[in-house]
Amino acid sequence: MSDVSVFTPLSAHEISLASAGRVPTDLVHVYDVLDSTNQHLLDLARRGAAHGVVVLAEAQTGGRGRQGRGWYSPAGQNLYLSCLLHAAPGLADPGAFALVAGLALAGVLSDAGVRGHGLKWPNDVLVQQQKLAGILVETAPLAPGGFGLVLGIGVNVSMREATLDQPWTSLARIAQGDALLDRNVLAGRLLAALLPAYERFCREGLRPFLPAWSRYDVLDG
């Protein structure tokens, strides 16, 4: 099992590099503390933020999950990321994108050697019934008109101690290598997978993602 001996702060430049240039540095906004990355990005959307803007924070004081639940957000330990996606003409079911985002994250984890993880519809990534990550999709009114999606993703990265109301795990507990324990690498790879997945989802809907869902669906059967 790998560990992190040196704290590496979030860096817009490093995230852009890890995304293979998919996300320009000037679209990545990193903060020490926010109430909620999703809420901050909702506010930016109302002021005309561009498609693909990403907001990350070292810590959240009011992180949100689905149905108004809180999201535990200690400083410097996990990934708290939100991305603004402008609605495309073919976008028919915005809520279903939570599943597509979960599949993108699951694929990034698989490519890095993580095993035994799966998706619990509609927004949880689990490892042996322990929560590793959560996804929140909210619609955002855009200036001067139209709407977009604010996609929020929280991943437990180096967290080893927490008192939560459900079983949880972290990459530090399960990862065999240390690549994904670098939050900049994880964020960049995740964005590089998410953006083309969103484009395909807008063109083709959920259907092309169903085979991958059948592989990762922990509720199957």
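Residues numbered from 1 in each chain as written. Predicted model: local features only at pLDDT ≥ 70, side-chain atom pairs only at ≥ 80, totals over all residues. Heavy atoms only, no water.

1. Description of the nonpolar core
Part 1 of the argument: One finds Leu 56, Leu 79, Phe 97, Val 155 and Leu 171 to be the most contacted residues of the largest nonpolar core, which totals 67 residues.
Part 2 of the argument: With eleven residues, the single largest contributor to this core is helix H3 (residues 97–111).
Part 3 of the argument: Dropping the residues within four chain positions of it, Leu 56 is found in contact with Leu 10, Ile 15, Val 28, His 29, Val 30, Tyr 31, Thr 37, Leu 79, Tyr 80, Leu 81 and Ala 187. (Core = buried A, V, L, I, M, F, W, Y, C linked by side-chain atoms within 4.5 Å. Buried < 20%, exposed > 50% of the residue type's maximum accessible area, 1.4 Å probe, protein only. Helix = DSSP H or I, 4+ residues; strand = E, 2+ residues; numbered from the N terminus. Contact = heavy atoms within 4.5 Å.)

2. Details of the packing of H3 against helix H5 (residues 183–204)
Geometrically, a packed helix pair is captured by the angle between its two axes and the distance between the axes.
Part 1 of the argument: In the contact formed by H3 and H5, the axes pass within 9 Å of each other and the chain directions differ by 140°. By the angle between their directions, the pair H3 and H5 is classed as oblique. In this structure, H3 meets H5 at a crossing whose hand is right-handed. Where H3 approaches H5, its residues Phe 97, Val 100, Ala 101, Ala 104, Leu 105 and Val 108 are matched on the opposing element by Leu 186, Arg 189, Leu 190, Ala 193, Leu 194, Ala 197, Tyr 198 and Phe 201.
Part 2 of the argument: Taken together, the residues of the contact of H3 with H5 break down into 13 nonpolar, no polar and one charged. (Axes fitted to C-alpha atoms, helices over the stretch in contact; angles between N-to-C directions. Parallel < 35°, antiparallel > 145°, perpendicular 65-115°, else oblique. Left-handed = near helix turned anticlockwise from the far one by under 90°. Nonpolar A, V, L, I, M, F, W, Y, C, P; charged D, E, K, R; others polar.)

3. Here we look at the pairing of strand S7 (residues 147–155)
Part 1 of the argument: The buried fraction of S7 is high, at eight of nine residues.
Part 2 of the argument: Strand direction decides the pairing type here: strand S3 (residues 79–86) and S7, joined by eight bridges, are antiparallel. Counterpart to Tyr 80 in the pairing with S7 is Gly 154.
Part 3 of the argument: Taken together, the nine bridges between strand S6 (residues 130–141) and S7 define a ladder with antiparallel strand orientation. In the sheet register, Pro 141 faces S7, and the bridge partner there is Phe 147.
Part 4 of the argument: The turn joining S6 and S7, which pair antiparallel and follow one another in sequence, is formed by five residues; a positive phi near 85° is taken by Gly 146. (Pairing = 2+ DSSP bridges.)

4. Some thoughts on the confidence of the model for the chain
Part 1 of the argument: Looking at the chain, pLDDT values average 89 and 94% of them are 70 or higher.
Part 2 of the argument: Looking at the elements of the chain, mean pLDDT is at its lowest for helix H4 (residues 171–174), recorded as 88, and at its highest for strand S1 (residues 28–34), recorded as 98.
Part 3 of the argument: Low confidence marks residues 1–5, where pLDDT is under 50. Its contacts with residues over four positions away, or in another chain, come to 14 contacts. (pLDDT = per-residue confidence, 0-100.)

5. Some remarks on helix H2 (residues 37–46)
Part 1 of the argument: Within H2 the residues assigned to the buried category are Thr 37, Asn 38, Leu 41, Leu 42, Leu 44 and Ala 45. Down the axis of H2, the buried set is contained in an arc of 160°. They therefore lie on one face.
Part 2 of the argument: Two or three places before Asn 38, at the start of H2, stands the capping residue Ser 36, its side-chain oxygen 3.3 Å from that residue's backbone nitrogen.
Part 3 of the argument: The positive-phi residue at the C-terminal boundary of H2 is Gly 48, with phi of around 95°. (Arc of directions from axis to C-beta. Polar contact = N/O pair within 3.5 Å; in protein donor to acceptor, adjacent residues only side chain to side chain.)

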